[in-house]
Each structure stands twice: as structure tokens, then as C-alpha cells.
Amino acid sequence: MKFLHVGDAAIHYRTAGIAQGKPVIAFINSLGTDFRIWDAVMEALGDDYGYVLHDKRGHGLSGTGTPPYSIDRHADDLIALLDHLKIEKAIVWGLSVGGLIAQAVHDKRPGIVEALILSNTAHKIGTPDMWNTRIDTILANGLSGMIDPIMERWFTPPFRTADNALYAGCRTMLARQPVDGYCGTCAAIRDADYTEAARRIAVPTLCVVGDQDGSTPPELVRSLAGLIAGSVFVEIPGCGHIPCIEQPAAYSAAVRAFLTSLPEHRA
Ligand SMILES: O=C(O)CCC(=O)CC(=O)O
């Protein structure tokens, strides 16, 4: 188990294969998840890459610090971790709010970003009213009443069956996130608009989305891709908001195909 103090939070992280000269992927999680969601993707991509995983502050085993957060705060946590690990370049792969954070990392430290995988995300997600209602409801009543509607956005109906233990595990993962951490990141999403930052992206970028994503639907992700010169857009069939859980093989294959198409690909 590894932790790094960044500001007022101890950030929980894990690395694999980063000392071996391979391209390094730095994953950034979605709202309400911890870094175990990447297990099947790492298995699919195997030893071709090194990996850096972390739990955003307020999620998983990371400290809560002082919510509410900003996307900049989350980006500074990852930049501090990459600096600590002496990683000079990474493929930054962000899922949902993780994609907003990835755009912020590129805007703050473009030199550290080799390529971007912007998954099930956008330049702006939801409206302030929507996020304020969600924050107020969860602070008043906890997360439990929100689990069913969130699962309907995260996963397609064939995945949401009573006999699917992975689905049950995902429900438990969400239910166990700290309420103040979850709401702290909701506030960060509420306040984020990366429309101009997305236009400044100057590294190879894949925008990828599940075809049945109920949180950041394909047309939203396609509009993000439209802001980024030269970006590639891919839809994963039979998939909701969390492709690394629901369709890890097709998702990993799409990312591998994108990365291996890059002239500078090293794996
Ligand atoms: O998943 C995220 O990081 C934010 C987008 C969202 O609203 C997820 C959900 O549907 O709860």
C-alpha cells in the first residue's frame, strides 16, 4: 500500500512496471469509484505499458482533505504524484471527471502529457443546478438513495442483473465512497468548463465512449472530440459509462489500436 501527502490529503496510489522504460499510462478515475476499476484493462494491456493509479482525494483510501474541490486541485494531486515518481511523460487516461482532470493536467503541464485518452467525458458535464441538487440531496440523505439511478447511467441492462457479482461489487464500491469526498468532486465538476482548454489540446487524443452511456452520452463526447484538432472518436458497443468494468476487452483494444497508430509509439 502506498500513499503520498499532497497538500492536506494523503493520496493512495499504486504503480506497476514504471521503472522499465515502457510508455506509462496514468489513469484518472470517475466520480464515486476507486482505482480497482482498472484491473481488467491492465490485464488486457499487459506488460506493454507501465501504470500509475491513484484514488482521487475524497475517494477510495485517499484522504478527504478539505472539500469542496476544484478540477485544478485534483489535477495538482496527479501532477505531484507523477513528479514524485519522476515520470516525465505519461499517457493520461481519464474517465468522466477523470477526463476533465486530464484536460486540466494538459493545460497546466502540457510537457508531461504524451497522449490523452478522454473517456466518457466532456469539456463540460451537466449543469450547476443539476450538481447542486445532487450535492444537497446526498449531503442530506447519504448516497444510498442515489445508487439505483447512478447504476442505470453507469451500466446497460444486461450487466445490471441480480446474478452478476461484478455489478453487486460496483454498487458496494459506490456506496462506500465518503459522502463529503463524493460531493467535493461533484462541486469540482459543477464549476468546470474546459471548452477553451480543450481547443488548446496539442497532443494525440482519443475520445472514447460507451454507446449507451447515460452520464456523458456519445453526442456529448463527440462534441468534445470536435473541439480537439486531430482527435479520434470511438464508440464502444454494448456499454454504459464505465467501459473498464463493462467492456474491458473492447475498450482496451480500442485504446491499444489508437496508441499503436501513433508515430511515436514505443511499446
Ligand atoms: O462519472 C463521473 O465522473 C461524473 C459524471 C456522472 O454524473 C456520473 C453519474 O452518472 O453519476
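Residues numbered from 1 in each chain as written. Predicted model: local features only at pLDDT ≥ 70, side-chain atom pairs only at ≥ 80, totals over all residues. Heavy atoms only, no water.

(A) Fine view of the overall build of the protein. Looking only at helices and strands, the protein features 11 helices and eight strands. Compactness check: the protein gives a C-alpha radius of gyration of 17 Å against a globular reference of 18 Å for 267 residues, within 12% of the reference. Looking at the 267 residues of the protein, the share that counts as buried comes to 54%. Long-range pairs, those at least 24 residues apart, make up 76% of the contacts in the protein between residues at least 6 apart in sequence. Accessible surface computed for the protein: about 10,500 Å², of which carbon and sulfur atoms make up 53%. (Helix = DSSP H or I, 4+ residues; strand = E, 2+ residues; numbered from the N terminus. Rg over C-alpha atoms; globule rule 2.2 N^0.38 Å. Buried < 20%, exposed > 50% of the residue type's maximum accessible area, 1.4 Å probe, protein only. Contact = heavy atoms within 4.5 Å. Areas by Shrake-Rupley, 256 points an atom, 1.4 Å probe, with all protein chains shown as cover.)

(B) Inspection of the site of the ligand at higher detail. For the ligand, the full set of nearby residues is Ser30, Leu31, Ser96, Val97, Trp131, Arg134, Ile150, Arg153, Trp154, Ile189, Ser215 and His241. Residue Ser96 places a side-chain N or O atom 2.9 Å away from an oxygen atom belonging to the ligand. Here His241 contributes a side-chain N or O atom positioned 2.8 Å from an oxygen atom of the ligand. Contact with the protein chains removes 98% of the 310 Å² of surface that the ligand exposes when unbound. Applying the majority rule of atoms within 2 Å of the grid points places the ligand in the second largest pocket. Mapped onto the shell around the ligand, the elements with two or more residues apiece are helix H4 (128-141) and helix H5 (147-154). With three residues, H5 is the largest single contributor of residues to the shell around the ligand. Considering only residue class, the shell around the ligand consists of six nonpolar, four polar and two charged. (Near = heavy atom within 4 Å. Polar contact = N/O pair within 3.5 Å; in protein donor to acceptor, adjacent residues only side chain to side chain. 1 Å grid on protein atoms, 1.4 Å probe; cavity = no way out; pocket = protein on both sides within 12 Å on 5 of 7 lines; lining within 4 Å. Sits in = over half its atoms within 2 Å of the grid points. Nonpolar A, V, L, I, M, F, W, Y, C, P; charged D, E, K, R; others polar.)

(C) Region of interest: the pattern of salt bridges. Per the counting criterion, the structure on display carries 14 salt bridges. One salt bridge connects Asp77 with Arg57, and the closest N-O pair in it is separated by 2.6 Å. Of this pair, Asp77 sits in helix H2 (residues 71-84) while Arg57 sits in the loop between strand S4 (50-54) and H2; the two residues are 20 residues apart in sequence, bridging distant segments of the chain. For Asp76, the salt bridge goes to Lys108, with nearest N and O atoms at 2.9 Å. In this pair, Asp76 is assigned in helix H2 and Lys108 in helix H3 (residues 97-108), connecting sequence segments 32 residues apart. Overlapping salt bridges bring together Asp8, Arg57, Arg73 and Asp77 as one network. (Salt bridge = Lys/Arg side-chain N within 4 Å of Asp/Glu carboxyl O.)

(D) Here's a closer look at the nonpolar core. Judged by nonpolar contacts, the single largest core of 96 residues is most densely connected at Trp38 and Trp93. In this structure, Trp93 is in contact with Ile25, Ala26, Phe27, Ile28, Trp38, Val41, Leu45, Ile117, Ser119, Tyr251 and Val255, ignoring residues within four places of it in sequence. (Core = buried A, V, L, I, M, F, W, Y, C linked by side-chain atoms within 4.5 Å.)

(E) Structural view of empty space enclosed by the protein. Counting across every chain of the model gives one cavity of 30 Å³ or more. What the largest cavity holds in volume is close to 50 Å³. If you go around the largest cavity, the residues you meet are Pro23, Ile91, Glu114, Ala115, Leu259, Leu262, Glu264 and His265. Here the residues of the lining of the largest cavity sort into five nonpolar, one polar and two charged. (Points joined across faces, edges and corners; volume = space filled by probe spheres on them.)

(F) Region of the structure containing the packing of H4 against helix H7 (residues 179-190). Put simply, H4 and H7 touch, their axes get as near as 9 Å, and they point 170° apart. With respect to their mutual orientation, H4 and H7 come out roughly antiparallel. Residue-level contacts link Pro128, Trp131, Asn132, Arg134, Ile135, Ile138 and Leu139 of H4 to Val179, Tyr182, Cys183, Cys186, Ala187, Ile189 and Arg190 of H7. A per-class count over the contact of H4 with H7 returns 11 nonpolar, one polar and two charged. (Axes fitted to C-alpha atoms, helices over the stretch in contact; angles between N-to-C directions. Parallel < 35°, antiparallel > 145°, perpendicular 65-115°, else oblique.)

(G) Spatial organisation of the packing of H5 against helix H6 (residues 165-175). Look at H5 against H6: their axes get within 11 Å of each other, and the N-to-C directions meet at 125°. In terms of axis orientation, H5 runs oblique to H6. Here the hand of the crossing between H5 and H6 comes out right-handed. From H5, Ile147, Asp148, Ile150, Met151 and Trp154 reach across to H6, where they touch Tyr167, Cys170, Arg171, Met173, Leu174 and Ala175. For the contact of H5 with H6, the class distribution of residues is nine nonpolar, no polar and two charged. (Left-handed = near helix turned anticlockwise from the far one by under 90°.)

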